[in-house]
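Listed here are the chains, written in short residue letters.
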Amino acid sequence: MRKLRIALTKGRLEKQTMELFERMGLDCTELREKGRRLILPVGDYEVVLAKAADVITYVEHGVCDIGVVGKDTIVENGKSFYEVCDLGIGKCRFCLAGKVGENFYDGYNVKRIATKYPNVTKAYFESKGMDVKIVKIEGSVELAPLLGLSDAIVDIVETGTTLKENGLEVYETLFPISARVIVNTASMKLRRAEIDAFVAGIEKAKQEAGK
Ligand code: PRP
């Protein structure tokens, strides 16, 4: 049987997840010295480095058994997998934001919202019974209101620095976000003992790290 395969979100979450792996006693030497490699041995596991949305795709298709991914990506893209644990890392929040000092709700025009997260945005405004026009942007969403493309953005805010340095402010907070462990549904049945051991290990590491 192949090693249990864990899809890890590249970038922001990578370092903090690796710290939890090391607390679990897993040898992360190869991961630390990965260069441009995308598949690395970590202890008895095989770690795959992927973009957040792809972590979900690999886990849903069963080519990875476990994934570490932000709640933001889960809410935007997630469908069929188990979400088993909140790692307490990668903490940030979904916010509605726009230019400092503007009243978002002023006027009767249909508001335009720029975002990387159209599903989250649609659900939020539907819950408020408000009709908006959503514009999908791939990154640096803060540009959209500055350039006059949108009235506001829905995006993740961590330190708030990006907003501040661009003359934007939070209007409303939607909900908090943190990294989660997700598990493929078939793997959960077929490799339950190994998965339980991994989850117990990472939860213990999380507690020791005070997350
Ligand atoms: C995220 C987010 C904000 C920024 C928030 O972008 O979309 O732009 O981080 O962080 P802060 O509150 O600490 O300033 P990311 O760095 O992931 O890049 P992207 O916009 O190109 O997707």
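Just so we're clear, the structure is a prediction, and the values are computed from it rather than from any experiment.

Draft legend 1. Structural detail: helix α1 (residues 12-23). Three or more residues of α1 are buried, namely Leu13, Glu14, Thr17, Met18, Leu20 and Phe21. Considered in projection along α1, the buried side chains sweep an arc of 160° and stay on one side of the axis. Seen from the open side of α1, the exposed residues pointing more than 90 degrees away from its buried face are Arg12 and Lys15.

Draft legend 2. Layout of the nonpolar core. One finds Phe21, Leu31, Val47, Ile66, Leu87, Phe198 and Ile202 to be the most contacted residues of the largest nonpolar core, which totals 29 residues. Secondary-structure elements contributing two or more residues to this core are β1 (5-9), α1, β2 (39-42), β3 (45-50), β4 (66-70), β11 (179-183) and α9 (192-208). Looking at this core, the element that brings in the most residues is α9, giving five residues. Within the second largest apolar cluster, 14 residues are counted, among which are Phe94, Ile113, Tyr124 and Val132.

Draft legend 3. Examining unusual backbone geometry more closely. Of note in the backbone geometry, Ser140 takes a positive phi value of approximately 45° without being a glycine. Note that Ser140 resides in the loop between β8 (132-136) and α6 (143-147). Judged by relative accessible area, Ser140 falls into the partly exposed class, the value being 48%.

Reading the values: rules and limits
Residues numbered from 1 in each chain as written. Predicted model: local features only at pLDDT ≥ 70, side-chain atom pairs only at ≥ 80, totals over all residues. Heavy atoms only, no water. Buried < 20%, exposed > 50% of the residue type's maximum accessible area, 1.4 Å probe, protein only. Helix = DSSP H or I, 4+ residues; strand = E, 2+ residues; numbered from the N terminus. Arc of directions from axis to C-beta. Core = buried A, V, L, I, M, F, W, Y, C linked by side-chain atoms within 4.5 Å.

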